[in-house]
Amino acid sequence: MAVGSVICISVFFVINKFLRKYSERKMLLIGFVISLAGYFIMLPWGHDYPDYQDADLQPMTAKPINATDAPGVTSNDSVTTLLSTVATEVYVTTFGVLTTVPKRGCRDDITWCQNVPRIQLGQYIAANAVISVGYPLSFVMIFTLYSKILGPRPQGTMMGWLTASGSLARAIGPIVVSYIYVYYGPRVTFIGVLGIIVLAITLSIAFYKRLVPYKPPAPSAYGAIN
């Protein structure tokens, strides 16, 4: 995530260099296409399916607190001292300290794990790197084009509506996406994202000629005479 943030910031700095060669609407489409490629890479591929969680893990046999439980802890130390010294995955009983490991894998009630491959680490890193280029590029171009198309119209009000719609999407989006991911898996989730990006590209191409900065209307002949 840190590397993705660095990539995003770098894109913000180099956008102006590309704008000298390409128009804002072309850069917008380029950003959409790059984002589309990133989410396409993120789609689950192959035959490596995730594991299911094992049955409930039973704690190990209790043992008294002694110096072997954690370095620097003696038998006279309190349980609180021991907890601050050892790993956080500990359970305390009246007999001493019990250790266990967290569960990993799909829950038993998640059925899509049976037919949706896992996303590999290299695949995830590559997809995030590509998305970290496409997202800031399209984000900046949307606001730039919107501002230029508005022209003399109330910029504050209209930009406020655009920002509010984005904030609403960021508030509702995680809830909806989390629901889709839990019940349908990453494949359906990312296909849905791909569909939204394809819709954005289609609309951008359909209204491509209108994605230009505002130009005041030419004075009419009657107005010129007067």
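### Quick notes on the confidence of the model for the protein chain
Piece 1. When the pLDDT values of the protein chain are averaged, the result is 77; 74% of them are 70 or greater.
Piece 2. For the protein chain, per-element mean pLDDT is lowest for helix α3 (residues 79–83), which scores 40, and highest for helix α2 (residues 24–42), which scores 93.
Piece 3. In this model residues 55–67 is a low-confidence stretch, pLDDT under 50, and it forms 25 contacts with partners more than four residues away in sequence or in other chains.
Piece 4. Note on residues 73–95: pLDDT is under 50 here. Beyond four places in sequence and across chains, it has 34 contacts.

### Some points on the side chain of Ser138
Piece 1. Along the chain, the position of Ser138 falls in helix α4 (residues 121–150).
Piece 2. Residue Ser138 is classed as buried on the basis of its relative accessible area, which comes to 6%.
Piece 3. With near-sequence residues (within four places) excluded, Ser138 lies in contact with Leu28, Gly31, Phe32 and Ser35.

### Description of the environment of Thr189
Piece 1. With respect to the helices and strands, Thr189 occurs in helix α5 (residues 155–206).
Piece 2. It is 9.8 Å that separates the C-alpha atoms of Thr189 and Val176, two residues lying 13 residues apart in sequence.
Piece 3. The residues contacting Thr189, other than those within four sequence positions of it, are Val177, Ile180 and Tyr181.

### Here we look at the packing of α2 against α5
In a pair of packed helices, the angle between the axes and the distance between the axes together describe the arrangement.
Piece 1. One way to put it is that α2 packs onto α5 with a least axis distance of 9 Å and a crossing angle of 160°. With respect to α5, the axis of α2 lies roughly antiparallel. With respect to the hand of their crossing, α2 and α5 are arranged in left-handed fashion. Counted together, Leu28, Leu29, Phe32, Val33, Ser35, Leu36, Tyr39, Phe40 and Met42 of α2 and Phe190, Val193, Leu194, Ile197, Val198, Ala200, Ile201, Ser204 and Ile205 of α5 form the full contact between these two elements.
Piece 2. Taken together, the residues of the contact of α2 with α5 sort by class into 16 nonpolar, two polar and no charged.

### Some thoughts on the nonpolar core
Piece 1. Formed by Val11, Ile15, Met27, Leu28, Leu29, Phe32, Leu137, Met141, Leu145, Ile197 and Ile201, the largest nonpolar core amounts to 11 residues.
Piece 2. Looking at this core, the elements that each hand over two or more residues are α1 (2–19), α2, α4 and α5.
Piece 3. The biggest single contributor to this core is α2, with four residues.
Piece 4. Of all hydrophobic cores here, the second largest spans six residues; its members include Ala127, Ile131, Phe190 and Leu194.

### Overview of the environment of Val212
Piece 1. Positionally, Val212 belongs in the loop between α5 and α6 (221–225).
Piece 2. The sequence separation of Val212 and Leu145 amounts to 67 residues, and the corresponding C-alpha distance is 7.3 Å.
Piece 3. Beyond its immediate sequence surroundings of up to four residues, Val212 is in contact with Arg25 and Ile149.

### Concerning the side chain of Gln123
Piece 1. Tracing the sequence through the fold places Gln123 in helix α4.
Piece 2. The class for Gln123 is buried, based on a relative accessible area of 14%.
Piece 3. A distance of 3.4 Å separates the side chain of Gln123 from the backbone oxygen of Met42, its partner in a polar contact.
Piece 4. In terms of polar contacts, Gln123 uses its side chain to reach the backbone carbonyl oxygen of Leu43, at 2.5 Å.
Piece 5. In this view, Gln123 contacts Ile41, Met42, Leu43, Pro44 and Trp45; residues no more than four positions away in its chain are not counted.

What counts as what
- Residues numbered from 1 in each chain as written.
- Predicted model: local features only at pLDDT ≥ 70, side-chain atom pairs only at ≥ 80, totals over all residues.
- Heavy atoms only, no water.
- pLDDT = per-residue confidence, 0-100.
- Helix = DSSP H or I, 4+ residues; strand = E, 2+ residues; numbered from the N terminus.
- Contact = heavy atoms within 4.5 Å.
- Buried < 20%, exposed > 50% of the residue type's maximum accessible area, 1.4 Å probe, protein only.
- Axes fitted to C-alpha atoms, helices over the stretch in contact; angles between N-to-C directions.
- Parallel < 35°, antiparallel > 145°, perpendicular 65-115°, else oblique.
- Left-handed = near helix turned anticlockwise from the far one by under 90°.
- Nonpolar A, V, L, I, M, F, W, Y, C, P; charged D, E, K, R; others polar.
- Core = buried A, V, L, I, M, F, W, Y, C linked by side-chain atoms within 4.5 Å.
- Polar contact = N/O pair within 3.5 Å; in protein donor to acceptor, adjacent residues only side chain to side chain.

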